[in-house]
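Chain and residue survey
The residues making up each chain are set out below.
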Amino acid sequence: MLNNNIDSDNWNAHLYDSKHSFVSKFGEDLIELLAPKKGEYILDLGCGTGDLAYKLNKLGVNVIGIDKSENMVDQAKKKYPHIKFEVQDALNLDYHCEFDAVFSNATLHWVKPPKQALICIYKALKQDGRFVAEFGGKGNVKIITDEILNQFEKLGIEFKAELFPWYFPSIGEYSTLMEEVGFRVIFAQHFDRLTPLDGDHGIRNWIQMFGNSMFEGLTEETKDFIITKVENNLKGVLFQNGGWFADYKRIRVIGIKE
Ligand code: BEZ
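Please read these numbers as outputs of a predicted model, since none were measured by experiment. All residue numbers refer to position in the chain's written sequence, counted from 1. Local features in a predicted model are, by the rule used here, given only for residues with pLDDT of at least 70; side-chain atom pairs are given and counted only at 80 or more, and totals for whole chains, interfaces and linings are based on all residues. Working from all heavy atoms in the structure, the side-chain values ignore hydrogens and water.

What follows deals with helix H7 (residues 171-181). For every residue, the accessible area obtained with a 1.4 Å probe (protein chains only) is divided by the maximum for its type, and the residue is called buried under 20%, exposed over 50%, and partly exposed between those limits. Put simply, DSSP H or I for four residues or longer makes a helix, DSSP E for two residues or longer makes a strand, and each gets a number counted from the N terminus. Of the positions making up H7, those classed as buried are Tyr174, Ser175, Leu177, Met178 and Val181. Mapping the buried residues of H7 onto a view down its axis gives an arc of 155°, with all of them on the same face. Those residues of H7 that are buried lie in contact with helix H5 (114-124), strand E5 (125-136), strand E6 (183-197) and strand E8 (243-257). At the exit of H7 stands Gly182, carrying a positive phi of roughly 125°. Picture the helix axis, draw a direction to every C-beta atom, and the arc is the one those directions span. We call two residues in contact whenever any of their non-hydrogen atoms come within 4.5 Å of each other.

What follows is about helix H8 (residues 202-210). Within H8, 7 of the 9 residues are buried, which leaves it mostly tucked inside the rest of the structure. Those residues of H8 lying buried are Gly202, Ile203, Arg204, Trp206, Ile207, Met209 and Phe210.

Attention shifts here to the packing of aromatic side chains. Stacked, tilted and edge-to-face are the three classes assigned to paired rings of Phe, Tyr and Trp, where Trp is represented by its six-membered ring and a pair needs centres within 6.5 Å; plane angles under 30 degrees give stacked, over 60 edge-to-face, the rest tilted. The full count for this structure, using the stated rule, is 17 aromatic pairs. When the ring of Tyr95 is compared with that of Phe99, the centres are 5.0 Å apart and the planes differ by 80°; the resulting orientation is edge-to-face. Considered together, Tyr95 and Phe99 belong to a single accessibility category, that of buried residues. Three or more aromatic residues link up through ring pairs in this structure, and these residues are Trp110, Phe164, Trp166, Phe168, Trp206, Phe210 and Tyr248. In this scheme, the term charge over a ring applies when either NZ of a lysine or CZ of an arginine sits within 6 Å of the ring centre and within 35 degrees of the ring normal. For Lys257, the ring lying beneath its charged end belongs to Tyr122, and the centroid distance is 4.9 Å.

Near is defined per residue: the residue qualifies when any heavy atom it owns lies within 4 Å of the molecule or strand. The ligand sits among His109, Trp110, Asn140, Trp166, Phe168, Trp206, Phe210, Tyr248 and Arg250. Contact distances for the ligand include 2.7 Å between an oxygen atom and a side-chain N or O atom of Asn140. Two N or O atoms count as a polar contact when they lie within 3.5 Å, although within protein this holds only if one can serve as hydrogen donor and the other as acceptor, and sequence-adjacent residues are included solely when both atoms are side-chain atoms. The side chain of Arg250 places a nitrogen or oxygen atom 2.3 Å from an oxygen atom of the ligand. Throughout, the Shrake-Rupley method with a 1.4 Å probe supplies accessible areas, and for residues the shown protein chains are the sole cover considered. Protein contact buries 99% of the 260 Å² of open area that the ligand shows by itself. Those elements giving two or more residues to the shell around the ligand turn out to be H8 and E8. Looking at the shell around the ligand residue by residue, the classes come out as 6 nonpolar, 2 polar and 1 charged. Gly counts as polar in this scheme, as do all residues outside two lists: the nonpolar Ala, Val, Leu, Ile, Met, Phe, Trp, Tyr, Cys and Pro, and the charged Asp, Glu, Lys and Arg.

The subject of this paragraph is the pattern of salt bridges. Should a side-chain nitrogen of Lys or Arg be within 4 Å of a carboxyl oxygen of Asp or Glu, the pair is scored as a salt bridge. Applying the stated criterion across every chain yields a total of 17 salt bridges. Its salt-bridge partner being Arg130, residue Glu40 comes within 2.9 Å of it at the nearest N-O pair. On the criterion of sequence distance, the pair formed by Glu40 in the loop between helix H2 (22-34) and strand E1 (41-45) and Arg130 in strand E5 is long-range, its members being 90 residues apart. Neither residue differs from the other here; Glu40 and Arg130 are each classed as buried. The salt bridge involving Glu134 is made with Arg252; its shortest N-O contact spans 2.6 Å. On the criterion of sequence distance, the pair formed by Glu134 in strand E5 and Arg252 in strand E8 is long-range, its members being 118 residues apart. The burial state of Glu134 is the same as that of Arg252; both residues are buried. Salt bridges sharing partners connect three or more residues here, namely Asp29, Glu134, Arg193, Arg250 and Arg252.

Residues enter a nonpolar core if they are buried and are Ala, Val, Leu, Ile, Met, Phe, Trp, Tyr or Cys, with the set joined through side-chain atoms within 4.5 Å. Judged by nonpolar contacts, the single largest core of 53 residues is most densely connected at Phe131, Ile144, Ile148, Tyr174, Phe183, Trp206 and Ile207. Per-element tally for this core: the top contributor is H5, with 6 residues. With near-sequence residues (within four places) excluded, Tyr174 lies in contact with Leu108, Pro114, Leu118, Phe131, Phe135, Tyr167, Pro169, Ile251 and Val253. Membership of the second largest hydrophobic core comes to 19 residues, among which are Leu34, Leu52, Ala76 and Tyr80.

Moving on, we get to the packing of H8 against helix H9 (residues 220-238). Helix-helix packing: each pair is described by the crossing angle between the helix axes and the interaxial distance. Orientation is described by axes fitted as lines to C-alpha atoms, over the contacting stretch for helices, and by angles from 0 to 180 degrees between their N-to-C directions. Packing of H8 against H9 brings their axes to within 9 Å, and their N-to-C directions diverge by 130°. Comparing the axis directions of H8 and H9 gives the class oblique. In terms of crossing hand, the pair formed by H8 and H9 is right-handed. For the pair H8 and H9, the contacting residues are Ile203, Arg204, Ile207 and Gln208 in the first and Lys223, Asp224, Ile227, Thr228, Val230, Glu231, Leu234 and Leu238 in the second. Note on angle classes: values under 35 degrees are labelled roughly parallel, values over 145 roughly antiparallel, values of 65 to 115 roughly perpendicular, and the remainder oblique. With the far helix as reference, a near helix turned anticlockwise by less than a right angle produces a left-handed crossing, and one turned clockwise produces a right-handed crossing.

Position of Gln151 relative to the elements: it lies in helix H6 (residues 142-154). Take Gln151: its relative accessible area is 4%, and that puts it in the buried class. Residues in contact with Gln151, not counting those within four places in the same chain, are Ile226, Lys229, Val230 and Asn233.

In this section: the UniProt feature "domain: Methyltransferase type" (unreviewed entry) in the protein. UniProt positions are given in the numbering used here, feature names are shortened, and annotations may be inferred rather than shown by experiment. The positions UniProt marks with the feature "domain: Methyltransferase type" (unreviewed entry) are residues 43-132. Taken end to end, residues 43-132 is 32% helix and 31% strand, and its two terminal C-alpha atoms sit 10 Å from one another.

Below is the structure:
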């Protein structure tokens, strides 16, 4: 989980581990798509608190986990001291033809401009190396963000587009960027994944953990008022069978460095 464009480290690694562990759970079947082989060198880009890097390590992979968040990397090092983790920015990687694969789960929607990250990833790979990624695709969490924006409008608050923290491309858009950088795109998929959120305040916690930058410049009171409205208005849509869900839409891609 590389951080968004906010300069300070906003990630609370403990909250992330306790309430948002689904992020790495869903990443487990991305490892199947990666099909790692024993002895390969693999970069886990946006490793968060290290759970998927640990899985790769157990499969005999030489894995390096990187994340922009120092809090996340510190926690990853504590949990898995035998694995190499580093604080690094996906927009500024300093690897050259070193990895058999670059793997990234639930991170690249935070990274803008996306092409700059793709250039760094391409450079980091050996010839014929693969880039395997999953992140938020076009329409991701649109029900939640549309309702937040609806509340801004009702309160007469102008929303500045640059405060929208994410990049959610279609597979057409992202495959085109990958090709421009030099990848041969051999796989691209866009699918819905209604994602359960932990606890009675699942949607509130999600917005506070991930969507904080949308509220920049507002008082805590206004923010709380808006989130309460969002909770109330979305209860009929995203609260099902006693629990909250987020309307995730993912993309998955595989590109080969040619
Ligand atoms: C996602 O994994 O799709 C996601 C997570 C946090 C914020 C936005 C999207």
